[in-house]
Amino acid sequence: MKYPRNIPPDQPVLIAGPTASGKSALALDIAEQQGGVIVNADALQVFGNWRILSARPSAAEKARAPHRLYGHIPFDAEYSVGHWLREVAPLLRGPDRPIIVGGTGLYFTALTEGLADIPPTPAPLRAEADARRRRGEVPQMIAALDEATRARIDTNNPMRVQRAWEVQQATGRGLAAWQAATPPPLLPRGAARMIALDAPKAWLTPRIEARFAQMIADGALDEARANMAVWDLARLSSKAIGAPELIAYLRGEMTLDAATEAAVIATRQFAKRQRTWFRARMKDWHWLPCG
């Protein structure tokens, strides 16, 4: 895959694509040919405890170009799109052209469209919301939302409902109202070259299978074993694709073949969700065919 050669060398570049589509390799190619610093836009690659399963750049890749915001957050820390924007802001003002690459669509839309400055949810309220969701009280949480917020969020997504409920309970103001007061974006859409990778399912699936096999060969099981003592699916860092399956294998709950198959299926499903987001929210990006 070759990058568009008409990118000005001082223009920020955004590269979005589903998992295993080759977006990190593309970012590295641009950095080596034109210069720049590669900045992570993947919600799981910020955590330090899953280098292999989150597909963070290797030491050899990091030696070829400067990389930022990879593996710098402790496994038990809270991290959100708001945290990420605060860390990206100084990099946008720095001396090196940023090449921002990842698969977390929300990061890109917040960067280019702005993000509502919503106060953090107090820990006791978050615990109450978690408990209500686990008890199956999502319909009651939806009913408690204001009409504008109910119309805006995906009410079929329990985590989106929980977030909206937390905001309303914590601030007395609906999520839709907060979003309507969104400040200007850090990087307006016209100020960057925005590249989205078009990775068809038939092309991507063999790459997903091959990459997971390589992860196993590279020590993903040892990585999972090292994380077992602190494993907690309530933590964002524990949601690395393939981690639940490898933990289940290490606990004797499934065979390695079954864990591998389940992890590949989970990765394919994740890639499908990413493609759906990108197609819905990134219609005006430059779409680069893969393969």
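Residues numbered from 1 in each chain as written. Predicted model: local features only at pLDDT ≥ 70, side-chain atom pairs only at ≥ 80, totals over all residues. Heavy atoms only, no water.

When helices and strands are tallied, the protein chain shows 13 helices and six strands. In terms of overall dimensions, the protein chain is globule-like: its C-alpha atoms have a radius of gyration of 20 Å, near the 19 Å expected for 291 residues. Here the C-alpha coordinates of the protein chain stretch approximately 50 × 50 × 35 Å along the principal axes. For the protein chain, with 291 residues in total, the buried portion stands at 46%. Taking contacts inside the protein chain between residues at least 6 apart in sequence as the whole, the part at least 24 apart equals 76%. A total of about 14200 Å² of accessible surface is found on the protein chain, and carbon and sulfur atoms cover 53% of it. For the protein chain, the distance from the average site of its 37 positive side-chain charges to the average site of its 29 negative ones is 3 Å. (Helix = DSSP H or I, 4+ residues; strand = E, 2+ residues; numbered from the N terminus. Rg over C-alpha atoms; globule rule 2.2 N^0.38 Å. Buried < 20%, exposed > 50% of the residue type's maximum accessible area, 1.4 Å probe, protein only. Contact = heavy atoms within 4.5 Å. Areas by Shrake-Rupley, 256 points an atom, 1.4 Å probe, with all protein chains shown as cover. Lys, Arg positive; Asp, Glu negative; His and termini not counted. Charge placed at Lys NZ, Arg CZ, Asp CG, Glu CD.)

Moving on: the side chain of Ser-54. Considering the arrangement of structural elements, one finds Ser-54 in the loop between strand 2 (37-40) and helix 2 (59-64). Looking at Ser-54, the relative accessible area reads 11%, which means it is buried. A distance of 2.3 Å separates a polar atom in the side chain of Ser-54 from the backbone oxygen of Trp-50. The contact partners of Ser-54, leaving out residues within four places of it in the chain, are Leu-44 and Gln-45. (Polar contact = N/O pair within 3.5 Å; in protein donor to acceptor, adjacent residues only side chain to side chain.)

Among the nonpolar cores identified, the biggest contains 37 residues, and Ile-15, Ile-38 and Leu-53 are the most heavily contacted of them. Elements with a contribution of two residues or more to this core: strand 1 (13-16), helix 1 (23-34), strand 4 (98-102), strand 5 (193-198), helix 10 (201-218), helix 11 (220-227), helix 12 (243-250) and helix 13 (256-281). A total of five residues in this core trace back to one element, the largest contributor, which is helix 1. In this view, Leu-53 contacts Phe-212, Met-215, Ala-220, Glu-223, Ala-240, Ile-241, Gly-242, Ala-243 and Leu-246; residues no more than four positions away in its chain are not counted. Val-37, Val-81, Tyr-107 and Ala-196 belong to the second largest nonpolar core, which has 28 residues in total. (Core = buried A, V, L, I, M, F, W, Y, C linked by side-chain atoms within 4.5 Å.)

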